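Here is what each chain is made of, one letter per residue.
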Amino acid sequence: MADNTMSFLFTIIISFGFCVLYASAELQRFALSSKHDGSLSFLVLGDWGRRGAYNQSQVAFQMGKVGEKLDIDFVVSTGDNFYDNGLTSDHDNAFEESFTKIYTAKSLQKQWYSVLGNHDYRGDAEAQLSPVLREIDSRWLCLRSFIVDSELVEIFFVDTTPFVHDYFIQPQEHKYDWRGIGSQKPYITNLLKDVELALRESTARWKIVVGHHAIRSVGHHGDTQELINQLLPILQANNIDFYMNGHDHCLEHISDTESPIQFLTSGAGSKAWRGDTKQMNRRDLNFFYDGQGFMSVKLTQTDASIEFYDVFGNVLHRLTSSKQLHSSM
Ligand SMILES: *[C@@H]1O[C@H](CO)[C@@H](O)[C@H](O)[C@H]1NC(C)=O
Ligand SMILES: [Zn+2]
């Protein structure tokens, strides 16, 4: 009898172990369908939640107009969703004050795919992942790392905050909510393994990686060395087209010097104009704007067209990229 109970318990423990292993070996996937003409378009915004202040509402207004013009399918948020310190709980009214009541345009009533930024980790990070928020506003979907997937494009959202050593060893006056992360090293090792596997297996036409922190930036925070060392080699080895991020409160476009990857910062959803830049004369820098704005992306089987906008809706910079239609498709 006791033996039976023991082996029953053992089976449960083993099965549970497998579930945990399986869960960590696969990023959650969300399916996307492209428009009838096979294209997809979306907006990218970062560093925004300030109850409308610092031009957040002006940016939202222009997003509504551009969103309508492009008939966008969804919105990507690159993190630092709620200032100064994320949400206090899943009932924090900052969620409605900074999100629901700000992005009110009809064209923005689409799914929002969000990652967490370092400021989000300074509050109750798990609150932003909570289904309670999706009940309050069904547009909201925030997870640590996940994949949005269609044949045309696969977007890999990567939780970059836990990569940054200083947040663990020199948090200064800030407290980070590392519940659900545990120790830094195994978390990062597992995450990189999952991301690498998913990138390697992807057959999408376009491959985009989204994180909060920049790999390359000439803004206030600059490059993120941990991502250059650990994430960039995986992106370079797997034919990634674009890496999109926030964190620096600016709009910028930098080209990788060793691969076709384009680094695109859209972190200008509210407070900007920091006036603090570095290495502006680097050859790989195509565009930098210190003020508020956002980015749009339109993809077809053969072309990508990306535009950066300011608070007046002016297009400040445009990049296009083309792919041949290969027979291997
Ligand atoms: C809002 O945007 C305008 C136009 O770029 C700029 O002149 C102004 O300083 C911005 N306000 C804030 C608070 O950043
Ligand atoms: Zn940040």
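The structure presented is a predicted model; accordingly, all values stated were derived computationally and were not measured.

Q: Lay out the overall build of the chain with the relevant residues and their values.
A: Along the chain, the regular secondary structure elements total nine helices and 15 strands. In terms of overall size, the chain behaves like a compact globule, its C-alpha atoms giving a radius of gyration of 20 Å where 329 residues would be expected to give roughly 20 Å. For the chain, with 329 residues in total, the buried portion stands at 41%. The long-range share in the chain, meaning contacts at least 24 apart out of those at least 6 apart in sequence, stands at 75%.

Q: Go over the environment of Val75 with me, naming the residues and quoting the values.
A: Residue placement: Val75 occurs in strand 3 (residues 74-77). With 32 residues separating them in the primary sequence, Val75 and Ser107 have C-alpha atoms 10 Å apart. In contact with Val75, not counting residues within four places along its chain, are Phe42, Leu43, Leu45, Leu108, Lys110 and Trp112.

Q: Explain the environment of Asp73 to me, and be specific about the residues and the numbers.
A: For Asp73, the location among the structural elements is in the loop between helix 2 (56-70) and strand 3. Between the C-alpha atom of Asp73 and that of Gln111, which follows or precedes it by 38 residues, the distance is 7.7 Å. Those residues in contact with Asp73, other than ones at most four positions away along the chain, are Leu40, Ser41, Phe42 and Lys110.

Q: Can you lay out the environment of Lys207 for me, pointing to particular residues and giving the numbers?
A: Tracing the sequence through the fold places Lys207 in strand 8 (residues 206-211). Owing to 20 C-beta atoms within 10 Å, Lys207 belongs among the buried residues under this scheme. Note: C-alpha distance between Lys207 and Asp80 (127 residues apart in sequence) is 23 Å. Residues in contact with Lys207, not counting those within four places in the same chain, are Glu154, Leu199, Ser202, Asn239, Ile240 and Asp241.

Q: I'd like a rundown of helix 7 (residues 184-201), residues and numbers included.
A: In this model helix 7 runs 26 Å from its N-terminal to its C-terminal C-alpha over 18 residues, within 8% of the 26 Å that 1.5 Å per residue would give. Every buried residue of helix 7 is listed here: Leu191, Val195 and Ala198. Burial along helix 7 is one-sided: seen end-on, the buried residues are contained in an arc of 65°. Across helix 7 from its buried face, at more than 90 degrees, point the exposed residues Lys185, Pro186, Thr189, Arg200 and Glu201.

Q: Describe unusual backbone geometry, and please don't skip the residues or the numbers.
A: Note the cis peptide between Tyr83 and Asp84, where omega equals -10°. Following the sequence through the fold, Asp84 ends up in the loop between strand 3 and helix 3 (94-100). Although it is not a glycine, Arg51 sits at a positive phi angle of roughly 50°. Inspection of the secondary structure puts Arg51 in the loop between strand 2 (40-45) and helix 2. Not every positive phi belongs to a glycine, and Tyr54 is a case in point at roughly 55°. Within the secondary structure layout, Tyr54 lies in the loop between strand 2 and helix 2. Take Tyr54: there are 18 C-beta atoms within 10 Å of it, and that puts it in the partly exposed class.

Q: Quick one: what's the story with the pairing of strand 4 (residues 111-114), residue by residue and with numbers?
A: In this sheet, strand 4 lies alongside strand 3 in parallel orientation, the contact comprising four bridges. Bridge pairing links Phe74 to Gln111 in strand 4. Regarding the hand of the β-α-β motif, the stretch spanning strand 3, helix 3 and strand 4 is right-handed. Where strand 4 meets strand 5 (residues 140-142), three bridges bridge the pair, whose relative direction is parallel. Across the sheet, residue Tyr113 finds its bridge partner in strand 5, namely Leu141.

Q: If you had to explain the sheet that holds strand 8 to someone new, which residues and values would you point to?
A: Read from one edge to the other, the open sheet built from eight strands follows the order 1-6-7-8-9-11-10-12, with strand pairing classed as mixed. Edge positions in the sheet fall to strand 1 (28-31) and strand 12 (285-289), since each of these pairs with one other strand and no more. Pairs of neighbouring strands in the sheet enclose a mean axial angle of 15°, with direction left out of account. Pairing geometry for strand 10 (residues 251-255) and strand 12, over four bridges, is antiparallel. Paired with Leu251 across the two strands is Tyr289, which belongs to strand 12. Contacts from helix 7 reach strand 6 (146-149), strand 7 (153-158) and strand 8 within the one sheet, and its direction differs from that of strand 7 by about 175°.

Q: Describe helix 2, naming the residues involved and giving the relevant values.
A: Turn by turn, an α-helix covers 3.6 residues, leaving residues three or four places apart pointing in a common direction. For helix 2, with 15 residues, the first-to-last C-alpha span of 21 Å sits near the 21 Å given by 1.5 Å per residue. Listing the buried residues of helix 2 in full gives Gln56, Val59, Ala60, Gln62, Met63, Val66 and Gly67. Taken down its axis, helix 2 places every buried residue within 170° of arc, on the same side. Looking at the buried side of helix 2, the elements it contacts are strand 2, strand 13 (293-299) and strand 14 (303-310). Looking one or two residues beyond helix 2, the residue adopting positive phi is Asp71, at roughly 50°.

Analysis parameters
Residues numbered from 1 in each chain as written. Chains lettered and ligands numbered in written order. Predicted model: local features only at pLDDT ≥ 70, side-chain atom pairs only at ≥ 80, totals over all residues. Helix = DSSP H or I, 4+ residues; strand = E, 2+ residues; numbered from the N terminus. Rg over C-alpha atoms; globule rule 2.2 N^0.38 Å. Buried ≥ 20, exposed ≤ 12 C-beta atoms within 10 Å, placed from the backbone. Contact = placed C-beta atoms within 7 Å. Expected span 1.5 Å × (residues − 1). Arc of directions from axis to C-beta. Pairing = 2+ DSSP bridges. Right-handed = clockwise from strand over helix to strand, strands pointing away. Axes fitted to C-alpha atoms, helices over the stretch in contact; angles between N-to-C directions.

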